Amino acid sequence: MGTSLLRQLQDHEGDRVESYQELESLLQGQDGCLPSGVVNRLIAEASRDMRAAQGVRDEVKVAAGDMLLALARSHFHFVMAELQSQLKALGKEPKEPVLLSLGSMAGSYALRCLPFVGVTLPALHAAMSQAGSGRVLRAACCVLEQWSKGVQRCICSPEQGSCPGPRAAQLCDDFYPAFCYMVANWLGCEEEEDKQAVVGAMAAMMGLLLQGKQHREQAWQQLPWLLQQYQEVQDTSRVSKSLSYVLEILEGLGSPVPEGTSLAISSAVHRQLSGVCKEPGPAHRALLSRCFVLQAPACPEETLVFLQSQLSAGSQAGRAAALGLLGALLRADTPAVREKLPRMVEAVQSLSHDPSPQVRRAVLEFIRELLSSGCQSCWPWDVLGHVFTEFQRASCSLVPGWVLPWEDAGALRALCVDILGSLDVSRRGMPKLLWPRLLHYVVQAQYSDLVVPLSRCLRALLERLERGCEEEEEPGAMDSQEEGRSPRECCWVMVAEPSQSRERAVAALQLLQALQSRIHGALEAAWATQIPLLLQQLAGSPETSLGSAGEWEQRVLKLLRASLEHIQDKAWSVNLSRELSQQLGSSAPGSWQKLFLYKALGTALAGCQDLVHVQGQVLRFLQEADLVELPEAQGVVSAVSHAAEGHFHLVLDTVLMFSAAVTRGQLHQTATGWTVRQQLARARATRAALMRICGGIALRAPREQLLSRLDSDILGSILRLFRAQPRDLLLKLALVESIRSVTQAVGNCGSFELASRQEVMCTLLDWIEKEPWDCLAYGVLQVLSELSKLRPPLSREEALSLLAVCCRIVVSSPCKGQVTRRREAARAAENMQSLHRGLLQDLGQLMETLLEAESSSASLEDVLHVLQGWLRSGKEQEKERALWLCARVLGACKECPELMGGGPGKQLGSLVGLLGVLSSDCLAMSRQMAWFCLGSLLQMQAKATQEVPQAEEIRVLCEALSSPDPRAVVQARGTIAKALCRCIPPAQATDFLRAALDSRLPGRAPWPGVPSQWVFTFLVECREGAGQQISRAICEVLFVRRSTEELRQLLPLLLPSLLKCARGTLGMERQLCSRDSWRRPGLEGLDGLEEKPCRVFLLALELLLDKCMEQKWMELLVDKAVWAQLEDPLAHAEGLQILSRG
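Residues numbered from 1 in each chain as written. Predicted model: local features only at pLDDT ≥ 70, side-chain atom pairs only at ≥ 80, totals over all residues. Heavy atoms only, no water.

### Some remarks on the overall build of the protein chain
Looking only at helices and strands, the protein chain features 61 helices and 2 strands. Long-range pairs, those at least 24 residues apart, make up 74% of the contacts in the protein chain with a sequence separation of at least 6. When the accessible surface of the protein chain is totalled, it reaches about 50,500 Å², and 51% of it is carbon and sulfur. (Helix = DSSP H or I, 4+ residues; strand = E, 2+ residues; numbered from the N terminus. Contact = heavy atoms within 4.5 Å. Areas by Shrake-Rupley, 256 points an atom, 1.4 Å probe, with all protein chains shown as cover.)

This is how it looks when you write it as structure tokens:
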């Protein structure tokens, strides 16, 4: 294989790079040696390529050198001899590939290169003077660096071979001429790559020369030059690597350093870490710290003095860098530095209040190292307390004189959490340090975000103490340190907010579980099953739903109530409520945590057996809380309401007593110096809070105790507080909320009758009547809907009055354009439009509630009667809203037949006629809703009677109204119209015709033929045997219209329909009447008439023509016997011709 590859190289066949690479792989895998002839030819071929000035690519030269390096594994002397010959070629500049290969030989075979040092270094020294180009210079530096490091490894590693002192000194002498030449000629290079190469070579030779005493001083003399390169080169990491190499060799020698050297190194390293020129990366920072740690043991006092000077007088970056170097020294834990540790901690403590985020972060990093080291020197400074203080400062994002950016605050908080999470409690002395401090901080709300690491540490400490692993600690001392520091009142908040962090909630529950016996001995039975169940729910996947935040909160409060039930300890429960009260003061106003603490405090009071304490706490809430602030007022309402669960009568009596004082104007503890306006605002806020408290008490009170005091005490107090200032906005909101709470409390009380319900509804309706605009946004309609469900039932008159008032307020409220003109604000108009949509929803819900309530006498017919008045409104906005409500009610009745009751009843005819006109309204939305109403009416009739097509067919027909195909829509509308006209009772024909033909109806359709189509359809589809009633209806409609012009407009509408109906009934003979009967048109001629089936339509036609035509023309029709001919099947056509000519 090797021979064939050699032949390819000699014959210049194939890719030479691939051939060399294959040879390299072959040589690296062979254990034996190639024949000497093949080896010589391979070396010659590779040497020729490496020396070629032109015609050979650099890739080929590199591949040839790599092949020679692999060949040297088995034929080292052959390869070295060839490289030496190339190096010693007189009068020629050494080739770069040759030098690189020579350097690689020392890097790979250092021990085997030792015998060749004496011949290689002089030849290399001679060749250095001929190195003209930058690439050759860098290659020569590479040779010097590799050979120096190779020799150094051999000297310092006895296992690689014995290198006695004289031999080491001789090797240093061999390198010294090249070192001197480089110092004299190459230290002033200007190219960046040349500088980097020279730095590497110089550092390697300096490290080697430090081994021998004869040249050590000359090597030290070049250290300032090496440090100066930090300012000369762009990539300073190469300088740091070289400096680290020299210092590591110095550490192994243990020889003293010249005076001032340590300070120079410290200054250079500190300058780089300070980022004066360029911020170093993480790897470079670690390398610089390594350099500093390596030099510190040589002059520890000098190093510490330097760092102290930087901490006290340096820049922010300088102080941070000095702190980082102190942490590196602490981490190294060398004996010389350990003695200086107290001074180091004292120096760092002086920066504990530094406002710079960079310095604060560096102080925390130093504390991390300090806690990890376990050194006792740190205990005089409460470093753990500083971590918590720093966390709180970062949480506030505000330092005196310094506004902390959000990114820095987040980084500091994360660092504090990481430090606490990395605490090693197994170190000796840590329980004594951590136990009291962690218990102290875990009960404070501002450190709730740290509960995860705190819970882990405390549980580990408990486990360690229970195993008795801390021999030096006395159990009694630990118990005394624990006294007064129980996390019982803080963990509840963290458990109750899994939406913020499930991990934090789990940690808090686990901490409670671990400390249950130390919190109270009775809790083990209460928490044996409850806490594992909550932990199991939290352990689900993040996608697992825990229910709403309120539901999970109730589970936590339930656990708290169960805990208090098992602890029959009056003093303990009193202390718990006091601790919760104290924690309230430290919570952020308006925060979720504070609102939950109010609920937890109320729950604690509900389980407290000290009634005097409970009453005192409730009074303190009412008297001292800033009820003007809405979050505080909400918190007080929650606390008092939850307290009423366990002490209903006591809490209610206390609230009523305070309410009476407020009503009389006797506010307690009014702050001195308040203005009259402030006192009035406090009075209003107090009344509003008391109203909400009464509602909350009703909502949470035991049902068996509530009902006896609901009317006179709770509702009575709410109404009295409201009537003190009935026009006040805050009290209006409180009234709605409190009444809603009361209705929810009474909702499931079965046959209980709320005696004051009518008084409450009258108060609300009076408010609506007087101030309609104010009531719109407060949910009054929702409250009225809830009240209408209660007993005693509403009478029909009360229900109709309620509907009339609410419809008038909602339907007639100003439109968007009016609001915009009045307020001159487009945003206000948009808000009002959104408000109208919500109001329509509430009013629709109220109508449905009245229909479905068993106690209500209102029917669908009543609701439709109220809405029809608004469907005839002359304002498009009002008509559109009424249509929406009608569609809502009819749609609900269609889906729920129980709401239909007796159906539309007497309103069907007029409603169909009215909706028929609106089905061709100018507004597309109105047309769509009108047809929806008509379809709903048809479906309702389909379920109530058997005179229309089947319900499923009707449903499909109504769905076709929203079809994208116009023809399908027209066909569906026609079918619906025919079916509805068949449903109209004959007795309601007058109502239908009046509604359909009412020319005074505002917003008449742009297509006048649409009403006539409905009339025609009605006349065609009218029930068999109903002719007399329909004819009477037509006559009544015509008789009430006195305007000839108006009737002439109707003539083209009715004439074709009446003639067609008469023609369809020809030949159905009955008793004939004299022709004189046609001379008495009017309603009285219809009463005693036993007409032929066609005569009813002809009589209506005669009445219409009599009002539209002059008398002479009517007499002419009688003289020519037109009416008799129209009645006669044989002469009907002739009568039509005479009528048409007339």
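### Comments concerning helix H32 (residues 570-586)
An α-helical segment advances 3.6 residues per turn. Residues three or four places apart therefore align on the same side. Spanning 17 residues, H32 covers 25 Å between terminal C-alpha atoms, matching the ideal 24 Å at 1.5 Å per step. Along H32, the residues that are buried comprise Trp572, Ser573, Val574, Leu576, Ser577, Leu580, Ser581, Gln583 and Leu584. The distance from a side-chain oxygen at the start of H32 to the backbone nitrogen of alanine 571 is 3.2 Å, and the residue carrying that oxygen is aspartate 569. (Expected span 1.5 Å × (residues − 1). Buried < 20%, exposed > 50% of the residue type's maximum accessible area, 1.4 Å probe, protein only. Polar contact = N/O pair within 3.5 Å; in protein donor to acceptor, adjacent residues only side chain to side chain.)

### Here's the deal with the nonpolar core
If you look at the biggest cluster of nonpolar residues, it comprises 353 residues, and the most contacted ones within it are Trp147, Trp186, Val198, Leu243 and Leu784. Ranked by the residues each element gives to this core, the list is headed by helix H9 (residues 134-156), at 11 residues. Other than its neighbours up to four places away in sequence, leucine 243 contacts Leu223, Leu226, Leu227, Tyr230, Ile265, Val269 and Cys291. (Core = buried A, V, L, I, M, F, W, Y, C linked by side-chain atoms within 4.5 Å.)

### Examining the packing of helix H39 (residues 710-723) against helix H40 (residues 729-746)
Put simply, H39 and H40 touch, their axes get as near as 9 Å, and they point 165 degrees apart. As judged from the angle between their axes, H39 and H40 are roughly antiparallel. In the crossing of H39 with H40, the sense of the turn from one axis to the other is left-handed. Taken together, the residues of H40 that come into contact with H39 (itself represented by Leu710, Ile714, Leu715, Ile718, Leu719, Leu721 and Phe722) are Leu731, Lys732, Leu735, Ser738, Ile739, Val742 and Val746. A breakdown of the residues in the contact of H39 with H40 according to their chemical character gives 12 nonpolar, 1 polar and 1 charged. (Axes fitted to C-alpha atoms, helices over the stretch in contact; angles between N-to-C directions. Parallel < 35°, antiparallel > 145°, perpendicular 65-115°, else oblique. Left-handed = near helix turned anticlockwise from the far one by under 90°. Nonpolar A, V, L, I, M, F, W, Y, C, P; charged D, E, K, R; others polar.)

### A closer look at the environment of histidine 215
With respect to the helices, strands and loops of the structure, histidine 215 is situated in the loop between helix H11 (192-209) and helix H12 (216-221). For histidine 215, a relative accessible area of 11% corresponds to the buried category. Taking the C-alpha atoms as reference, histidine 215 lies 7.8 Å from cysteine 172; in sequence the two are 43 residues apart. Beyond its immediate sequence surroundings of up to four residues, histidine 215 is in contact with Cys172, Asp173, Tyr176 and Leu209.

### Observations concerning helix H3 (residues 36-51)
Along its 16 residues, H3 runs 22 Å from first to last C-alpha, staying within 8% of the 22 Å computed at 1.5 Å per residue. Among all positions of H3, only Val38, Val39, Leu42, Ile43, Glu45, Ala46, Ser47, Asp49 and Met50 are buried.

### Quick look at unusual backbone geometry
In the segment running from arginine 791 into proline 792, the intervening peptide bond is cis, with an omega of 5 degrees. Along the chain, proline 792 falls in the loop between helix H43 (780-787) and helix H44 (796-811).

### Quick notes on the packing of aromatic side chains
Inspection of every chain in the model, using the stated rule, returns 9 aromatic pairs. Taken together, a centroid distance of 5.9 Å and an interplanar angle of 80 degrees make the contact between tyrosine 181 and tryptophan 186 edge-to-face. Relative accessible area serves as the criterion here: at 5%, tryptophan 186 is assigned to the buried category. Ring geometry for tryptophan 931 against tryptophan 1014: centres 6.1 Å apart, planes inclined by 35 degrees, an arrangement best described as tilted. Of this pair, tryptophan 931 sits in helix H50 (residues 924-944) while tryptophan 1014 sits in helix H54 (residues 1009-1021); the two residues are 83 residues apart in sequence, bridging distant segments of the chain. For tryptophan 931, a relative accessible area of 7% gives the class buried. (Phe/Tyr/Trp six-rings, centres within 6.5 Å; stacked < 30°, edge-to-face > 60°.)

### Describing the environment of alanine 72
Residue placement: alanine 72 occurs in the loop between helix H4 (58-71) and helix H5 (76-87). Relative accessible area serves as the criterion here: at 0%, alanine 72 is assigned to the buried category. Each C-alpha atom, one on alanine 72 and one on glutamine 28, is 9.9 Å from the other, the two residues being 44 residues apart in sequence. Non-local contacts of alanine 72, meaning those with residues more than four positions away in its chain, are made with Val79, Met105, Tyr109 and Arg112.

### Focus: the side chain of serine 262
When you line up the elements, serine 262 lands in helix H15 (residues 261-273). Relative accessible area serves as the criterion here: at 3%, serine 262 is assigned to the buried category. The contacts of serine 262, once residues within four sequence positions are left out, are Gln295, Cys299, Glu302 and Thr303.

### Observations regarding the packing of helix H2 (residues 16-29) against H3
Where H2 meets H3, the axes come as close as 13 Å, and the angle between the chain directions of the two elements is 140 degrees. Here H2 lies oblique to H3, going by the angle between them. Where H2 crosses over H3, the handedness of that crossing is left-handed. Where H2 approaches H3, its residues Arg16, Tyr20 and Leu23 are matched on the opposing element by Leu42, Glu45, Ala46 and Asp49. Counted by class, the contact of H2 with H3 contains 4 nonpolar, no polar and 3 charged residues.

### Observations regarding the side chain of histidine 520
Position of histidine 520 relative to the elements: it lies in the loop between helix H29 (516-519) and helix H30 (523-538). A polar side-chain atom of histidine 520 sits 3.1 Å from the main-chain amide nitrogen of alanine 522. For histidine 520, the contacting residues outside a window of four places in its chain are Ile567, Asp569 and Trp572.

### With respect to the confidence of the model for the protein chain
When the pLDDT values of the protein chain are averaged, the result is 80; 83% of them are 70 or greater. Low pLDDT (under 50) marks residues 398-402, which in the prediction has 9 contacts with non-local residues, meaning those over four places away or in another chain. Counted against residues more than four places away or in other chains, residues 819-824, with its pLDDT under 50, gives 11 contacts. (pLDDT = per-residue confidence, 0-100.)

### What to know about the environment of glutamine 845
Relative to the helices and strands, glutamine 845 resides in helix H46 (residues 826-852). C-alpha of glutamine 845 to C-alpha of serine 785: the two residues are 60 residues apart in sequence and 7.2 Å apart in space.

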